[in-house]
Amino acid sequence: MTNPKIEAHSAAEMTGRHFRYYDFVMAAFVAVLLLSNVIGAAKPAAIEIGGEPWVFGAGILFFPLGYVIGDVLTEVYGYARARRVIWAGFAGLIFMAFMSWVVVSLPPAEGWEGQAAYESVFGQVPRIVLASIVAFWAGEFVNSYVMARMKIWTQGKHLWSRTIGSTVVGQGVDSLIFYPLAFWGVWENEAVITVMVTNWGLKVLWEVVLTPVTYAVVGWLKRKEGVDLFDEGTDFSPFKTQV
């Protein structure tokens, strides 16, 4: 706020304004969201720590980038524009699930031997797909809401407290919805709780590690857009359409 090129405004004052890089950030968010679900979700990976194998879902390496980009969206462009991006990602997930179901369900051509591989990668259990979509929707909106509220409480200072704090809450909601909804009654209850807590902790840790990157991206975008938005008077309903 001390940079003369960056002007503080309430988000409501910027309703209808075009921002140069907003569409690019939206595209990055949706791309990371879809790719991390398609490429990383189906593969369990293992690395050796202290002589013991540690197994984790490969998608956890990249999925948290979506939360980082979500933080950037809310911090730079405000809750209303972040809300629009979340809905775009939500629609993208639904279409991806539908397209995967159609492609996997189509009978393969005679002589083609890739059907089993296709089913392994894209034939996700409907319960897991539903859990993933619902958890994403709820977690992202909570993340953005906490981020926007904390920006007002901190008067735009201490960005790290907002990015990490919002991730703690948002990823907590995401994990609390996804793992029980997807695996309760399928895995041992203790395993569900262990994996849920472990993955939540890893996602928060990723946010902490990527804090310098978040600072750099947020600072660059604010300088380029020339504004610093505060969600004072914003309608935080997820279903509001105005930006």
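Residues numbered from 1 in each chain as written. Predicted model: local features only at pLDDT ≥ 70, side-chain atom pairs only at ≥ 80, totals over all residues. Heavy atoms only, no water.

The protein chain is annotated in an unreviewed UniProt entry as Probable queuosine precursor transporter of Sphingorhabdus buctiana. Quoted verbatim from the Sequence similarities (unreviewed entry) field of UniProt, the annotation for the protein chain is "Belongs to the vitamin uptake transporter (VUT/ECF) (TC 2.A.88) family. Q precursor transporter subfamily." The heading Function (unreviewed entry) in the UniProt record of the protein chain holds the text "Involved in the import of queuosine (Q) precursors, required for Q precursor salvage." (UniProt positions renumbered as here; feature names shortened; annotations may be inferred.)

**Some words on the overall build of the protein chain**
Along its length, the protein chain carries eight helices and four strands. In sequence order, the protein chain lays out its α and β elements as β-α-β-β-α-α-α-α-α-α-α-β. Scaling as 2.2 N^0.38, a compact globule of 243 residues should have a C-alpha radius of gyration of about 18 Å, and the protein chain matches this with 19 Å. A burial count over the protein chain gives 44% of its 243 residues as buried. Excluding contacts between residues fewer than 6 apart, the proportion of contacts in the protein chain whose partners are at least 24 apart in sequence is 80%. Accessible area for the protein chain stands at about 13000 Å²; split by element, carbon and sulfur atoms hold 68% of it. Across the protein chain, the 17 positively charged side chains and the 20 negatively charged ones have centroids separated by 13 Å. (Helix = DSSP H or I, 4+ residues; strand = E, 2+ residues; numbered from the N terminus. Rg over C-alpha atoms; globule rule 2.2 N^0.38 Å. Buried < 20%, exposed > 50% of the residue type's maximum accessible area, 1.4 Å probe, protein only. Contact = heavy atoms within 4.5 Å. Areas by Shrake-Rupley, 256 points an atom, 1.4 Å probe, with all protein chains shown as cover. Lys, Arg positive; Asp, Glu negative; His and termini not counted. Charge placed at Lys NZ, Arg CZ, Asp CG, Glu CD.)

**A word on the packing of helix α3 (residues 79-105) against helix α4 (residues 115-122)**
Between two packed helices, both the angle of their axes relative to each other and the distance between the axes serve to describe the pair. α4 packs onto α3 with a crossing angle of 160° between their chain directions and a minimal axis gap of 10 Å. One element, α3, and the other, α4, form an angle in the roughly antiparallel class. Seen from above, α3 lies across α4 with left-handed handedness. Along its contact with α3, which presents S100, V103 and V104, the element α4 presents Q115, Y118, E119 and F122. Tallied by class, residues from the contact of α3 with α4 come to four nonpolar, two polar and one charged. (Axes fitted to C-alpha atoms, helices over the stretch in contact; angles between N-to-C directions. Parallel < 35°, antiparallel > 145°, perpendicular 65-115°, else oblique. Left-handed = near helix turned anticlockwise from the far one by under 90°. Nonpolar A, V, L, I, M, F, W, Y, C, P; charged D, E, K, R; others polar.)

**Overview of empty space enclosed by the protein**
Per the counting criterion, the structure on display carries two cavities of 30 Å³ or more. Taken as a whole, the largest cavity holds about 40 Å³ of empty space. Looking at the largest cavity, the residues that line it are F29, V32, L33, S36, F63, G66, Y67, F136 and E140. Among the elements of the structure, α1 (22-40), α2 (64-77) and α5 (126-153) are those that each provide at least two residues to the lining of the largest cavity. Tallying contributions element by element places α1 first for the lining of the largest cavity, with four residues. (1 Å grid on protein atoms, 1.4 Å probe; cavity = no way out; pocket = protein on both sides within 12 Å on 5 of 7 lines; lining within 4 Å. Points joined across faces, edges and corners; volume = space filled by probe spheres on them.)

**Looking at the nonpolar core**
Considering soluble globular proteins, one finds that nonpolar side chains tend to be buried as a cluster. Counting 35 residues, the largest nonpolar core has F19, Y22, F29, L73, Y77, F136 and L221 as its most contacted members. Elements with a contribution of two residues or more to this core: α1, α2, α3, α5, α8 (211-225) and β4 (227-230). Among the elements that take part in this core, α3 stands out by supplying seven residues, more than any other. Those residues in contact with F29 that sit more than four places away from it in its chain are G66, I69, G70, L73, V85, F136 and E140. By size, the runner-up hydrophobic cluster in this structure holds eight residues, among which are A131, Y179, F183 and M196. (Core = buried A, V, L, I, M, F, W, Y, C linked by side-chain atoms within 4.5 Å.)

**As for the environment of V32**
Considering the arrangement of structural elements, one finds V32 in helix α1. Sequence-distant contacts of V32, that is, excluding residues within four places in its chain, are made with F62, L65, G66 and I69.

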